[in-house]
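# Coordinates in review
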Amino acid sequence: MTALLETLRGIVGAANVMTEGDLRAWEEDWRKRDRGKALAVVRPSSTAQVAAVVTACAAAGTSIVAQGGNTGLVGGSTPDGSGTQVLLSLQRMNRVRGLDAANLTMTVEAGCVLQSLQQVAQEQGLLFPLSLAAEGSCTIGGNLGTNAGGTQVVRYGNARDLCLGLEVVTAQGEIWDGLTGLRKDNTGYDLRDLFIGSEGTLGIITAATMKLYPLPAATVTAWAAVPSLDAAVALLGLAHRRLGAGLTGFEVMGQFALELVAKHYGQLRVPFHQQSPYCVLLENSDHQSEPHARDQFEQLLEAAMTEGWVTDAVVAENIAQGHQLWHVRESIPLAQAEEGLNIKHDISIPVSRIPDYCRETDALLRRAIPGVRLVNFGHLGDGNLHYNVQAPEGADMAAFLRDHETQVNTIVYDAVSRYDGSISAEHGVGSLKRDKLEQHKSPVALNLMRAIKHAIDPQNLLNPGRVLKP
Ligand code: FAD
Ligand code: ZN
């Protein structure tokens, strides 16, 4: 081990091989549920250095956990407790290698913070549409590692849909230069898609070529109270038909989720939550003008009111007001954390079946645990719900988790299977959902996944024990 550390110091410099002091930022996960111990936190600054680090670790039989912003929510980005794994932080690899405005692409290094990439695009009058609440600290490498979703998937797709090419360091320390900006390339198996969403278990992503879009002339936000999830789904259909590609966001928020925001963030104005079981946040991005976008929205909401799908609505008057509405939506996870420990789910269901899924699962949970509180919100436009479960009012949260976590997960995930859904829509598998994956994915699919892992990483050095059992 000391010999390996010496080699690593020779590659990245002694200051970038950290073994002592407070390493919690790298060793503890964002949820503060996992705390590991790394052999060392290693911070390379170039692809060549990453390749040399992986080569040295492979020779020593030392496993590697790749990490970007450490905002992952499934226990996949921190080392285990053994003190033998190298935590490979990509944070210093944060250069934009190039932006091709005519090709609508940019090539960036894995450690670039998502928000900084949005800004780089915007400075060129372009849009990089990947957007999520952790964008101030998550990195594009982590976004691709988890195939992140976020709030604009309904229009632009997830991280996978936005990626054209990758540069990857393999488990053997070789560099695969797949940094293409081509939108068409049918030359055999799609290696890019294999690495995207593999959560650091197949290779280390060091750079990526990402798609850009023209910046819309105006982005207008609206907030609507809806009487039911059926009404929300009907409104989504109408919004698709009326706004077409202008519909860039469609979020749903349950009443209790919004009550928590009102309770813990008293300074935020939360429209209509007292009167309605669900509210919806819509975003319209328009290439003509702001008055046009607003006009479209007002007509849409009026038509929805006539149908009874919307009971009340407000269209943000300016960008600041739009930001405030988004801020309410984005405060839900934080308000929920303020309220106490809870059981989180990140599920997807075909949009058409979401109302029935929730009716059935809400009832099953309420019957099993009287008084249980459901914090249901998410990206309805992509059929993705954060269907979270909070202890009854006044209950001991730790005892609730201990006594009911397994029971709640079984109810929620069995229903997901009955409704042809997924147990992980956007956060990934990590260690948190690894065992659930075994239960809910087909044996054929699991065997193919194991075969791929074994072929690409035969020594099981890359993030071992995450996604798949060793
Ligand atoms: P990390 O947490 O560092 O790593 C995540 C995984 O990717 C790990 O398995 C790691 O090993 C692997 N990895 C990291 N970098 C690389 C690399 N260079 N090469 C290979 N593998 C790598 N996610 C969503 O999808 N949608 C949301 O709306 C969303 N909202 C969030 C809101 C908050 C407040 C928080 C804290 C998280 C949210 N997330 C969301 C989850 C998280 O932000 C995303 O998964 C994000 O993409 C992780 O990026 P990261 O750089 O922090 O990755
Ligand atoms: Zn989400």
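Read on for a plain summary of the structure. Quick caveat, the model's predicted, so the values are computed rather than measured.

## A closer look at the site of ligand 1
The environment of ligand 1 is made up of 34 residues, and the closest members are Ala 66, Gly 68, Thr 71, Gly 72 and Thr 139. Between an oxygen atom of ligand 1 and a main-chain N or O atom of Gly 69, the distance comes to 2.8 Å. One of the backbone nitrogen or oxygen atoms of Gly 76 is found 3.2 Å away from an oxygen atom of ligand 1. Notes on ligand 1: free accessible area 960 Å², of which the protein chains cover 95%. The set of elements that each furnish at least two residues to the shell around ligand 1 consists of β3 (64–67), α5 (140–146) and β10 (203–211). For the shell around ligand 1, the leading source of residues is α5, giving four residues. For the shell around ligand 1, a count of residues per class yields 12 nonpolar, 20 polar and two charged.

## Here we look at the pattern of salt bridges
Counted under the stated rule, the structure contains 25 salt bridges. The partner of Arg 373 in a salt bridge is Glu 339, and the shortest N-O contact between them spans 3.2 Å. Separated by 34 residues along the polypeptide, Arg 373 in strand β18 (residues 373–379) and Glu 339 in helix α12 (residues 332–339) bring together distant segments of the chain. Note on Arg 373: relative accessible area 11%, which makes it buried. Overall, the relative accessible area of 11% leaves Glu 339 in the buried class. Bridged by salt links that share partners, the residues Arg 95, Arg 97, Glu 109 and Glu 167 form one connected network.

## A short note on the environment of Ser 431
The topology assignment puts Ser 431 in the loop between α14 (397–418) and α15 (434–440). Since its relative accessible area comes to 33%, Ser 431 is described here as partly exposed. For the pair Ser 431 and Val 74, spaced 357 residues apart in sequence, the C-alpha to C-alpha distance is 6.3 Å. Sequence-distant contacts of Ser 431, defined by excluding residues within four places in its chain, comprise Asp 34, Val 74, Gly 75 and Arg 466.

## Observations concerning the sheet that holds strand β2 (residues 38–42)
Overall, mixed pairing links the four strands, which are arranged β1-β2-β4-β3 in an open sheet. Of all strands in the sheet, those bounded by a partner on one side alone are β1 (17–18) and β3. Pairing analysis gives four bridges linking β3 to strand β4 (residues 85–89), with the strands arranged parallel. When the bridges of β4 are listed, Ala 66 appears paired with Leu 88. Strands β1, β2 and β4 of the sheet are contacted by helix α1 (residues 2–12), whose axis makes an angle of about 10° with β2. Against the sheet, helix α3 (residues 47–60) engages β2, β3 and β4, with an angle of about 175° to β4.

## Examining the coordination of the zinc ion (ligand 2)
In this structure, His 379 (NE2), His 386 (NE2) and Glu 426 (OE) serve as the protein donors to the zinc ion (ligand 2), at separations of 1.9 to 2.2 Å. Spacing between the donor residues of the zinc ion (ligand 2) along the chain follows H-x6-H-x39-E. Of the two residues, His 379 sits in strand β18 while Glu 426 sits in the loop between α14 and α15, which places them 47 residues apart along the sequence. A single burial state applies to His 379 and to Glu 426, both of which are buried.

## Here's the deal with unusual backbone geometry
Unlike most non-glycine residues, Lys 32 shows phi in positive territory, near 60°. Its identity is not glycine, yet Val 467 carries a phi of approximately 65°, on the positive side. Summarising the element assignment, Val 467 is placed in the segment after α16 (443–456). We classify Val 467 as buried; its relative accessible area is 10%.

## Some words on the sheet that holds β10
Across the sheet, which stays open at both edges, the five strands sit in the order β5-β6-β10-β8-β9 with antiparallel pairing between neighbours. Both outer strands of the open sheet, β5 (96–100) and β9 (175–178), are each paired with one neighbouring strand and no more. The mean angle between the axes of side-by-side strands here comes to 15°, regardless of whether they run parallel or antiparallel. Bridge count for strand β6 (residues 105–109) against β10 is five bridges, and the pairing is antiparallel. Counted as the bridge partner of Glu 109 is Ala 207 from β10. Each of β5, β8 (163–170), β9 and β10 touches α3; the most contacted strand, β8, lies at about 40° to it.

## Remarks on helix α10 (residues 290–307)
In this model, α10 (18 residues) spans 26 Å end to end at C-alpha, consistent with the 26 Å of a helix rising 1.5 Å per residue. Ala 293, Arg 294, Phe 297, Leu 300, Leu 301, Ala 303 and Ala 304 are the residues of α10 that are buried. Tucked inside the fold, the buried residues of α10 contact β12 (218–226), α8 (229–243), β14 (278–286) and β15 (312–315). The N-capping residue of α10, defined by a side-chain oxygen 3.2 Å from the backbone nitrogen of His 292, is Ser 289. In the segment just after α10, Gly 308 is the residue with positive phi, at about 85°.

Procedures and definitions
Residues numbered from 1 in each chain as written. Chains lettered and ligands numbered in written order. Predicted model: local features only at pLDDT ≥ 70, side-chain atom pairs only at ≥ 80, totals over all residues. Heavy atoms only, no water. Near = heavy atom within 4 Å. Polar contact = N/O pair within 3.5 Å; in protein donor to acceptor, adjacent residues only side chain to side chain. Areas by Shrake-Rupley, 256 points an atom, 1.4 Å probe, with all protein chains shown as cover. Helix = DSSP H or I, 4+ residues; strand = E, 2+ residues; numbered from the N terminus. Nonpolar A, V, L, I, M, F, W, Y, C, P; charged D, E, K, R; others polar. Salt bridge = Lys/Arg side-chain N within 4 Å of Asp/Glu carboxyl O. Buried < 20%, exposed > 50% of the residue type's maximum accessible area, 1.4 Å probe, protein only. Contact = heavy atoms within 4.5 Å. Pairing = 2+ DSSP bridges. Axes fitted to C-alpha atoms, helices over the stretch in contact; angles between N-to-C directions. Donors = N, O, S within 2.8 Å, 3.2 Å for Na, K, Ca; no water. Expected span 1.5 Å × (residues − 1).

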